[in-house]
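# Structural description and commentary
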Amino acid sequence: MAEFPLEISPMFEGERIRKNDMYVELAGPKSKGFELVRATDSDEIEDGKFTLIGPDISEMEEGSRYPFAMLYKIGGELVEPDLEAIVERRNHDFYNYMQGVMHLNQRYDIWVRLSKDAVNKGLNSFEQMAAAMMSLFKNELSFIEKIEAVYITDPEEIDKELENAMEIYKERDERTANLHEEDVDTFYGCTLCQSFAPSNVCVITPDRIALCGAINWFDGRAAAKVDPEGPQFPIEKGEVIDEVGGEYSGVNEAAKSLSGGEFDRIKLHSFFEYPHTSCGCFEVVGFYIPEVDGIGWVDRDFTGNAPNGLPFSTMAGQTGGGKQVVGFLGIGINYFRSPKFLQADGGWDRVVWMPSHLKEKVVDYIPEDVVNKIPTEQDVGDISELETYLKETEHPVIERWSEEEEEETEAEEEQSGQPESAPSQYMTQMPASMPSAPSWTPSASSGGVKVTLKNAKVSIDRIIVKNKE
Ligand code: SF4
Ligand SMILES: [Zn+2]
């Protein structure tokens, strides 16, 4: 079997391959592909066998892009379908162990680059990579006794197989639909992403899939059972502290020990108060839009700007690193299907924008009374259009505006003894429950602005100051 011509070590995990250094790009946002692991009857696996459908690395043109899919069949006495997602997630780690190879994301979102340097040093065949991967899988996950790999670079073949793979991902995601946090005593945790986000605390419950979207509660359970020393482990639920917010004593204890004391509270279903940490592999980023007091969502596939003027990449940069970031939250797509979806903040009633293709994916789970009130890039382009749209459709979030306006008007009256006409003041105020968010206190009467920033990281592209007209 072919040998991988460079080094293989966890040391290369953080390696990034920039455009100028890349020989080829495989799958990724401008192409297509997927990774899939299937539990298979051992008799049907020829251990170590590799099949390639489509052109090999040596036949690829430098600087170009190809579709790419990886399929692995795994077998063994302890191998069961619940382990598929866990093994599949490790494909990401192990790929990054290979020097000169970069792997991002998961499932149908994968994005791989091979460096020029690696190709110059003799990486010319997918067989070299597949062989390395198969031996890593077997060495690191001892329950895998037999493994076979099929890689595809032929576009038509990928289309055919991708359809099948999407069905399988969907079936996995639907498994937890009838199981809820109140039905179980144990949640699961995962530390895989601590290699680059050391304080990340990933908690997986029946009502909350991991933010990478790749590991659900059943997957966590199967992994913890078969590999007790592995990166997935049980978390005792403990006492319910806040049922709506999703706060549990066991999760708080786990958060404290896993984050090295950085966080000691997590509310699983809250955006603003002790939110779940975000490492970097989230499928979707939620972002607070103070002007309308609502939450927008943007996924990796959306290439434009959200109504706040920012693309996914910029907001993802603000969100990652294994922190509790108030104002941004990374989630797995399947969390949109959870009946507990951000229930502490109003759930779907607080959602004010998402890209159309993302909305389509989850449309069946959006409550009927709000589904037509959530605009996409086809309806609104900026904040003022968003505001108008929300008003016109009577989106439930506008109830919050009037409440806040009233509160503020009362406060203003007390302060200055005369009513203020500051119709858009609610726009610049974060909810009081945001513990470390910037707090803006505009004071229209004095013409000045007082800004208090606590523990905040703020980056501003441009500030325009204009005289009142
Ligand atoms: S996002 Fe969470 S569940 Fe997914 S691999 Fe990272 S730590 Fe594990
Ligand atoms: Zn991660």
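What counts, and at which threshold
- Residues numbered from 1 in each chain as written.
- Chains lettered and ligands numbered in written order.
- Predicted model: local features only at pLDDT ≥ 70, side-chain atom pairs only at ≥ 80, totals over all residues.
- Helix = DSSP H or I, 4+ residues; strand = E, 2+ residues; numbered from the N terminus.
- Buried ≥ 20, exposed ≤ 12 C-beta atoms within 10 Å, placed from the backbone.
- Contact = placed C-beta atoms within 7 Å.
- Near = placed C-beta within 6 Å.
- Nonpolar A, V, L, I, M, F, W, Y, C, P; charged D, E, K, R; others polar.
- Axes fitted to C-alpha atoms, helices over the stretch in contact; angles between N-to-C directions.
- Parallel < 35°, antiparallel > 145°, perpendicular 65-115°, else oblique.
- Left-handed = near helix turned anticlockwise from the far one by under 90°.
- Pairing = 2+ DSSP bridges.
- UniProt positions renumbered as here; feature names shortened; annotations may be inferred.
- Core = buried A, V, L, I, M, F, W, Y, C linked by C-beta atoms within 7 Å.
- Domains from an automatic or database assignment.
- Arc of directions from axis to C-beta.

A word on the overall build of the protein. Helix and strand counts for the protein stand at 11 helices and 19 strands. Counting every position in the protein, which comprises 469 residues, the buried fraction comes to 43%. Sequence-distant contacts, at least 24 apart, represent 70% of the contacts inside the protein between residues at least 6 apart.

This part takes up the site of ligand 1. Around ligand 1, the neighbouring residues are R89, C190, L192, C193, C202, A210, L211, C212, A214, I215, C279 and C281. Its residues placed into classes, the shell around ligand 1 shows 11 nonpolar, no polar and 1 charged.

Here we take up the packing of helix α1 (residues 84-97) against helix α3 (residues 126-140). Interaxial distance between α1 and α3 falls to 10 Å at its minimum, and their mutual angle equals 120 degrees. Classed by the angle they form, the pair α1 and α3 counts as oblique. Both α1 and α3 take part in a crossing whose hand is right-handed. When α1 is examined against α3, the residues V87, F94 and Y97 are found in contact with a partner set consisting of M133, L136 and F137.

A separate point is the pairing of strand β8 (residues 146-152). The buried count for β8 comes to 6 of 7 residues, which makes it a mostly enclosed element. Where strand β3 (residues 50-53) and β8 come together, 4 bridges link them in parallel fashion. In the strand pairing of β8, T51 is matched with V150. Bridge analysis of strand β5 (residues 68-75) against β8 gives 7 bridges, and the strand direction is antiparallel. From the neighbouring strand, I74 faces β8, where its bridge partner is I147.

So, about the sheet that holds strand β2 (residues 33-39). Within the open sheet, the 4 strands sit side by side as β2-β5-β8-β3. Their pairing is mixed. Every other strand in the sheet has two partners, leaving β2 and β3 as the edge strands with one partner each. The sheet shows a mean angle of 10 degrees between the axes of neighbouring strands, direction not considered. Contacting β2 and β5, α1 runs over the sheet at an angle of about 135 degrees to β2. The sheet contacts of α3 involve β3 and β8, and relative to β8 the element is tilted by about 150 degrees.

Within this structure's numbering, the places UniProt gives as "binding site: [Ni-Fe-S] cluster" (unreviewed entry) are C190, C193, C279 and C281. These annotated residues cover 92 residues of sequence, and their C-alpha atoms lie no more than 13.0 Å from one another, placing them together at a single site. With respect to the helices, strands and loops of the structure, C190 is situated in strand β9 (residues 186-190). For C190, a count of 28 C-beta atoms within 10 Å puts it in the buried group. If near-sequence neighbours (up to four positions away) are discounted, C190 is found in contact with C202, I204, A210, I215, G220, P231 and Q232. Inspection of the secondary structure puts C193 in the loop between β9 and β10 (202-204).

Glancing now at the nonpolar core. By size, the foremost hydrophobic cluster in this structure holds 118 residues, and its most contacted members are A149, V203, I204, A210, V251, V285 and V352. Domain assignment of the residues forming this core places at least three in each of domain 1 (10-174) and domain 2 (181-376).

A few words on the environment of R175. Locating R175 in the fold gives a position in the loop between α4 (155-174) and β9. On the basis of neighbour counts, which here come to 15 C-beta atoms within 10 Å, the residue R175 falls in the partly exposed class. Between the C-alpha atoms of R175 and P206, which are 31 residues apart in sequence, the distance is 9.2 Å. Residue contacts for R175: discarding those within four places in its chain leaves N216 and F218.

The subject of this paragraph is helix α6 (residues 249-258). Among the residues of α6, V251, A254, A255 and L258 are the ones counted as buried. Projection of α6 onto a plane perpendicular to its axis shows the buried side chains occupying an angular sector of 105 degrees, all on one side. As for α6, its buried residues are in contact with β9, β10, β11 (232-236) and β13 (247-248).

This paragraph deals with the environment of T51. Mapped onto the elements, T51 comes out in strand β3. For T51, a count of 14 C-beta atoms within 10 Å gives the class partly exposed. Separated by 99 residues in sequence, T51 and V150 place their C-alpha atoms 4.7 Å apart.

If you trace the 4 strands from one edge of the open sheet to the other, you get β16-β14-β15-β17, paired in mixed fashion. With partners counted over all chains shown, the strands left at the sheet margins are β16 (328-331) and β17 (351-353), one partner each. For this sheet the average axis-to-axis angle between neighbouring strands, irrespective of direction, equals 35 degrees. The sheet contact formed by strand β14 (residues 284-289) and strand β15 (residues 294-299) spans 6 bridges and is antiparallel. Bridge pairing in β15 places I289 opposite G294. On top of the sheet, helix α7 (residues 312-319) reaches β14, β15 and β16; it is set at about 85 degrees to β14, its chief contact.

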